[in-house]
Every structure is written in C-alpha cells, then in structure tokens.
Amino acid sequence: MSAAEARAAQDQAAGPGASASDDGWVLRYVGYDPADEGRREALCTVGNGYLATRGAAAESRADGVHYPGTYVAGLYNRLQDRVDGRVVENESLVNLPNWLATRFRIDGGPWLDAGHAEVVEQAQELDLRRAVLTRRTRLRDGEGRTTTVTERRLVSMDQPHVCAQQLTYVPEDWSGRLEVRSVLDGAVRNSLVARYRALDGRHLDLVRTAAPAPDTVLLEMVTTRSAIRVAMAARTVVRRDGRPVEVERRLVDDGPVVGHLLVFDAQASEPVVLEKTVTVFTGRDRAIAEPAHEAVRWLPRVGGFDDLLGRHALAWAHLWQLFYLDMERDGGLLPILRLHLLHLLQSVSPASVGLDVGVPARGLHGEAYRGHIFWDELFVLPVLNLRLPALTRSLLRYRRRRLPEARAAAQEAGFSGAMFPWQSGSNGEEESQLLHLNPASGRWVPDPTRRQRHVGLAVAYNVWQHYQATGDREFLVHEGAETLLEVARFWGSLAAYDESRGRYVVRGVMGPDEFHSGYPGVEQVGVDNNAYTNVMAAWVLQRALDTLHLLPTLKRHELEERMGLQRAELARWRDVAQGLFVPFHDGVISQFEGYEKLEELDWAAYRARYGNIQRLDRILEAEGDSVNRYKASKQADTVMLFYLLSADELREVLEHLGYCLEPELIPRTVRYYLERSSHGSTLSALVHAWVLARSDRTRALEFLDQTLRADVADIQGGTTPEGIHLAAMAGSVDLLQRCFCGLETRQDQLVLDPYWPESLGVMEFAIRYREQPILVRVRGDRAEVAAGPGMWRPVRVSCRGELAELAPGARLAFPLVTAPSTTASQRGL
C-alpha cells in the first residue's frame, strides 16, 4: 500500500468528516456540521477514569446541537416520575456543572459562538498520544470583525481532580475591548438522551457560591436525593506574551452560575491567552475533609497549563508503554485502535484504582443507559488483565462490594447464593427500567431485561480469567473465591430437576440476545433452558469446585464455614454441572427450548420496508406484533459460547454434560444464527468477527471493520452522540490480540495459536503475564515472544502444541507454516 493509499484508508476509517494524521496519533475534524456535533463531542471526550468531559465547544450550551457534559465515575442520583399511570424510579449518572463555560464578545456586542456569528473556519484535533483536545475557530461578527479562538483542553491523568483549558484569542482585523465571561455553570440537567427528556432530569441543588480569592470562584452543589456534595473551584488568569494582563474583573454570581467577567484591551494580531484551571471533588472521594474545602485548598497548588500538560503527557506516555500496539500494514486500523484504547483508559484507568466504580457501558462520555454497569467488563477486562492487573482487581471489587446486595436479591427471589443485577449503579440493586419508551411507536412498554441472570456468570468468569492471567492467588483466596462460589450457589439453587428428562433445567430467563423475553402469548415470563446460560452455568459450577481445591486448607475451611457450604450442596453442584439440559434442533444448539417452533421472519421484506432493522423489536412492537414470535436475535446469544470458550473448553463442558460436540456443530450453529440476527448491538459484529475468524476469513474481516467503525462512523445511526460503546472499543483490541493472534492464558501457560491475516503484515503488542513484561510479535508465518529483563520467574509459553520456557531477557520463536511439533525448542531471533 502506498503512503497516499494508507492515508486515504486512515481518513476513511476515522469516520465521516474526520481525517487521521500521518503518524496515526491525531483524530481531526474540519468544518462545522451541527448535525454531527454530538458524535464529534462524544469521540473528542477527554477524561482520566475519575472524571471526563465531552468535547463540546467552550462557548456552547445544551441546545440540541451541543452538550457539554461532565461526569464523575460512580456519582449517581435517583429520581421518580409518573409514566403511563405508574411511578417509576431511575438512577442516573449525574451531569455535573459545566466547567468549560467561556464566551467572548467585542465592545459590548452580542456573545459570539457558532450559532450567533459566521463560522469562517473551524477545525478540532484530538491528540491521542496525550489526550489533549485542540479546537481552532475563526468567527466573524455582524460588523465584519474576525477573531481566531484556539482552545486546548485536558483532564489531567497526573492529577485526577484537575482539569484545565487554555484559550488564545487573536483579533485578526480589529482592536478594542474584549470581554470574556468565564464561569462554572451549575444550571445543568441530564437531557442528552432524547427519549429520557420527558422525565425529570434535575439532579443538582445549589449549596453555595463563593469567591475565595480575587481570581478564584467556588461552586458547591448537592445531588437531590443521594445527597452527594460536588464542589468545583476555578482560577482564571489572562496573559499576553507570558505576562499577566491588567483586566477589569467583575464577579458573576447568578444562582448556580459563578465566575468572572474579564474586560481588557485587545490589539489587532496580538494573541491574548486565558487559562482556566478547575479542581473537582465530591463527597464520594477518599482522604478528604469535605469537597469544597479540598477544591479550594488544592487549586493554588496546581501549576499553569503548560506545567499541567507536561505532567499529564508523561502519565499518558507511561500508559502507552503498557498498551503498546503497532501494525506493519494496518489499512487504517491502527488510528482507530489507538482511539479505542484512549477512550478505554479515559473511562477506567490507574486513577480508578481504589475507587468504588465499575465498567460503565457507555464510558464517561454521555447519558445513554443512564451510566449503568451491565456485563461489559466481560469484554473489557481481557485487555486490562494483561496490562493493568491492579485496575482489573479494583473493578472486580466493585462487584465484590455489592455481594451482600446480590445475596439479598437472590434470597428475595427464593434462591440461594448471589443474583447480580442486569443493570447496576450505586449500591448494586437492580436498576433496569420497568418501562421502556419505544421511539418507533411512542408507547411505554414493559422492560423485562432484568431476567438476564447471566450477568452473574460474567462476573464469575471474570474472576477466574483474572486469576488465570495474573496468578494472583491472594485476590482469589481473599475476595474472588467467595464471589465465584456465591454465583455458583445461585445457579445450583436456580436449576430444578426435571424427572421426565432426568436432567436439570433453568426456567424463566433471558439470554444475551435481549429480544426474547418469553414465548408467543406469554411475553414477559422469560424463556426456558437458554443454551448459553445453561452451558456457562455448568462451566461456572465446575470452576467453583476447582477454586475450592486451589484454596489453602485453612482458608477453604474458613470460607466453607462462613458460607455454610456442606458436602451435600457441593455434591449438588457436581450433579448440576454434569446434568444441565442443553437443547438442540436441526443439528445446531438451540438458543432456548422451543426456539425451533418459532416462525421464520421475512428478513428481505423487512429490510426492503425499513432499511435499518437493527432494532427489529421496536419495529414489530410498533406494528402491533412481537419479536417473541420469530427466530430473530438482536445480537449473538448461543454464539457467545464460542466467543468465551475455546472449542476444546466447550467440548469438555458438553462432554461433561453428556453431549457430543461433533466437528461441524460449531460452524453450522454460527451460520444458522448469523442468518437470523439483526445485529442491533455493537457487540454483535465483535462476537461474529471472532467466531468466523477461522472458518470464513472474509466475513470475519467485514465484521471486524464494522466493530472498528461502530462509533467513529456511528453505524447504529445516532447512538454514539449519547456515549461511546466501551465494550466494542475494548473488544476490537481484544479481537486482534486473543482471536487473530490466538493469545490465551490457561493452565498456567501463555498460549499462542495465531490465525493472523497476512494482508496486515506484522503486529506487535506489549503485555504483562504473571508480572513478566512480554512483547508479542505475530506475522503470517511466525510468532515471536520476547521477555523484558528483570528478576521475574520464567513463564511457560505454548504455540500449537509446542511448549517452551521463557526466561527474563530471552526470546522464543514459533513457525506457523509447519505442523505442530511435539518438542519445544528455544530459538534466538
């Protein structure tokens, strides 16, 4: 591929209106497009895992075009509304005061922004290497005066409670009085998502405003129900040629809006620089006296913008070393992968370690799904396990702390163990809506998704995989084991013995496909024997028994006594693990019992009628029909088994259950459901790219392309402005490292089984396995691993049956073109 072709591929991959830099480290948008501002704002979010701010212009307000949202991880508030004659309650991630709010005008004229001036030129760049957003805008007012405004913005990765912006004003063809209004705006609501706007969105009340120093203001708010204090302190200074400028400073103090009106003389062609530095603290923070005190106390300790930028850039440089990824012929993929890693690390990062936060499905980038925690860590943690295991442990502790609530939920439902919620927020209770607005019909319809009990299986799976990747026995012994065992206990309790079959069954659940909430005529009762759920329940029960054997004898006895685990219950787990019913029909694994009796959908007719049928459930409901009547899935369901388990692992589970996994069953099942999926979730393309990688390379690469473009091109048509899809972003990286490169961690080995597309040349990436830093390099005919120097223990590496020991400072190479060898060998590279 020529340099020009590579650049064109990068620009195309970056999405509509975007271009990528020559080195693939900058996402650039040129021009002003009101219809696309929401997507750009989400993709240009800057954050640090503690807080994040959308990429809205500094002068913008929430007006249907722009939405300058700021969110702190884990900060929720609950509101009540009356909907369709019922009282409903929703807990939401709170949109915090807008710290960006900075506007300007000339000689007392109108305030200038894209809606009230001619936009002569506009461009914005997100520096992926340093997580800095730069926007350059040339505005011309009604009198023909042109001003260039260049803003740089960051949310510090070095100091998580600090964010800053630097605005440079250049009067191109005029001299006069420049007025800048720089405020903290607490008059905000949660109003980003259109379908939520009819509901109450006011989450904050004013506590107080203050001006603790001539250049500093304080805004303190409190959430209306969760009573969490939020404090922001802002310092605004003006400089010319690096020296302070004499300004007329007037205090703005208007209810929940506080700041300064700065008035000074501006000369044609002479830049004037305004720096606004903000500290953010909340009542959820640790090691603080109270938020307002900390915000004011820390602000004078924070340096200027350039000092902040230097330390922030260094922190990001260290992160990029851990997440190093490079490709020889990326075809435009690499800039998107870097963008995905950036947003992953802006949502969860080293700053998240020790915080009581989970993995938000839409990042800290918007208000879709109300900022709730679903099962997305299932797709995120594999990337973090091998790079930031301390962060993974911290995220797993979010579930561990909510284990008492999960136990209570199971008990209230009549079961034992822990029943984790499908949607989780502040305290781990079920946050799934009772009613959901269908935009296609305008009707509020029941939302039965809380029946997705499989979320607990994901929690247990993540605990086990973390142990496999890190060998962290301490975490497993003291925290992970109890979580995994309580999930297993729930499934051992939920499974009921069916005398007629001589097998255990699981009734009344929803699978990952999210369409089938019941059967025709009984829409809300769930389905029976969802294959994914039953197989993964068997897997978890077996891993629970394995976990008990891994524990030191004393700890095992303590845990068994504390949990009241008796031999009879463990015997039941063994029985359920080898006796759960798995439905089959027509030579494939059935999605659930009775699936084969459903009607076939006329997919061609619906595509011809509606075009986009990703949300087929909404279309059918608007027609007075129900998706429960049809063999149709929103996303991968049964196919998820082939995503989470290797063919060998799945064969082992099914054989343990008494079923035979014939060689053609997996590809036949994949093809069957592929033809019956609307791909209404960004995860659908990800999972199908994974499962097709070894049977249909062309189709797999098509789905990989869809996964990569899910947000940069907003392929779902309007969902990205409401927040990025974090699982798909992390999953795209994981797809390359674990699927195409065949990287696994199991049986105390680092396993490589590459199936790398030769068209992509060479890929190399950094990981840490059992604390050992390792560089993995894969190409079509060869896989290589190189260990960093240090006092690490050697690790075992296997590739297609060939096993070798990798010592610190050593390298291994495995040929991929010959049949697997039975003898391991070490080769110098």
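Here, the structure is the one placed above.
Notes on the structure follow. (Residues numbered from 1 in each chain as written. Predicted model: local features only at pLDDT ≥ 70, side-chain atom pairs only at ≥ 80, totals over all residues. Heavy atoms only, no water.)

1. Description of the overall build of the protein chain
Move 1: Helices and strands together make up the secondary structure of the protein chain, namely 21 helices and 35 strands.
Move 2: By the compact-globule yardstick of 28 Å for 829 residues, the protein chain fits well, its C-alpha radius of gyration being 28 Å.
Move 3: Referenced to the eigenvectors of the C-alpha coordinate spread, the extents of the protein chain come out at roughly 85 × 70 × 60 Å.
Move 4: When each of the 829 residues of the protein chain is scored for burial, the buried share is 61%.
Move 5: Sequence-distant contacts in the protein chain: of pairs separated by 6 or more residues, those separated by 24 or more amount to 66%.
Move 6: Carbon and sulfur atoms make up 48% of the accessible area of the protein chain, which totals about 30100 Å².
Move 7: Seen as two clouds, the 97 positive and the 110 negative side-chain charges of the protein chain have centres 2 Å apart. (Helix = DSSP H or I, 4+ residues; strand = E, 2+ residues; numbered from the N terminus. Rg over C-alpha atoms; globule rule 2.2 N^0.38 Å. Buried < 20%, exposed > 50% of the residue type's maximum accessible area, 1.4 Å probe, protein only. Contact = heavy atoms within 4.5 Å. Areas by Shrake-Rupley, 256 points an atom, 1.4 Å probe, with all protein chains shown as cover. Lys, Arg positive; Asp, Glu negative; His and termini not counted. Charge placed at Lys NZ, Arg CZ, Asp CG, Glu CD.)

2. Concerning the sheet that holds strand β21 (residues 325-327)
Move 1: In space, the five strands of this open sheet follow the order β21-β30-β31-β32-β35, with antiparallel pairing throughout. At either margin of the open sheet sits one strand with a lone partner, and together these are β21 and β35 (811-815). When strand polarity is set aside, the average angle formed by the axes of neighbouring strands in this sheet is 20°.
Move 2: Of the strand pairs in this sheet, strand β31 (residues 772-779) and strand β32 (residues 782-787) are connected by six bridges, and their pairing is antiparallel. The partner of Ile-774 across the bridge, within β32, is Ala-787. (Pairing = 2+ DSSP bridges. Axes fitted to C-alpha atoms, helices over the stretch in contact; angles between N-to-C directions.)

3. Quick word on unusual backbone geometry
Move 1: A positive phi angle, close to 60°, is found at Arg-370, a residue other than glycine.
Move 2: By relative accessible area, which is 9% here, Arg-370 ends up buried.
Move 3: Its identity is not glycine, yet Arg-770 carries a phi of approximately 50°, on the positive side.
Move 4: Along the chain, the position of Arg-770 falls in the loop between β30 (763-769) and β31.
Move 5: In this structure Arg-770 comes out as partly exposed when scored by relative accessible area, which is 24%.

4. Section: the nonpolar core
Move 1: If you look at the biggest cluster of nonpolar residues, it comprises 198 residues, and the most contacted ones within it are Trp-375, Phe-379 and Met-640.
Move 2: Sort the elements by how many residues they give to this core and helix α11 (residues 531-550) lands first, with twelve residues.
Move 3: Apart from residues no more than four positions distant in its own chain, Met-640 is found in contact with Trp-375, Leu-378, Phe-379, Tyr-532 and Val-687.
Move 4: In terms of nonpolar packing, the next biggest core, distinct from the first, is built from 19 residues, Ala-117, Leu-139, Leu-178 and Leu-274 among them. (Core = buried A, V, L, I, M, F, W, Y, C linked by side-chain atoms within 4.5 Å.)

5. A few points about the sheet that holds strand β34 (residues 802-806)
Move 1: Reading across the sheet, the four strands line up as β28-β29-β33-β34 and stay open at both edges, with mixed pairing between neighbours. Unpaired on one side and paired on the other, β28 (743-746) and β34 mark the two borders of the sheet. Here the strands of the sheet are splayed against their neighbours by 25° on average, with no regard to which way each runs.
Move 2: In this structure, strand β33 (residues 795-799) lies alongside β34, joined through five bridges in antiparallel fashion. Of the residues in β34, the one forming a bridge with Val-795 is Leu-806.

6. Observations concerning the packing of helix α7 (residues 389-401) against helix α10 (residues 473-494)
Move 1: The geometry of α7 relative to α10 is characterised by a closest axis approach of 10 Å and an angle of 45° between their N-to-C directions. Between α7 and α10, the crossing angle belongs to the class labelled oblique. Two packed elements cross with a definite hand, and for α7 against α10 that hand is left-handed. The segment α7 lies against α10, with Arg-393, Leu-396, Arg-397 and Arg-400 engaging Phe-475, His-478, Glu-479, Glu-482 and Thr-483. (Parallel < 35°, antiparallel > 145°, perpendicular 65-115°, else oblique. Left-handed = near helix turned anticlockwise from the far one by under 90°.)

7. With respect to the environment of Gly-176
Move 1: Position of Gly-176 relative to the elements: it lies in strand β13 (residues 176-185).
Move 2: Gly-176 sits in the buried class, given a relative accessible area of 18%.
Move 3: When sequence neighbours within four positions are dropped, the list of residues in contact with Gly-176 reads Asp-107, Phe-264, Asp-265 and Ala-266.

8. Topic: the pairing of strand β12 (residues 162-171)
Move 1: In terms of burial, β12 is largely enclosed, as nine of its ten residues are buried.
Move 2: Judged from the nine bridges that link them, strand β11 (residues 146-155) and β12 form a sheet pairing that is antiparallel. Looking at the pairing, Arg-153 lines up with Gln-165 of β12.

Function cannot be read off these values alone, since they describe shape.
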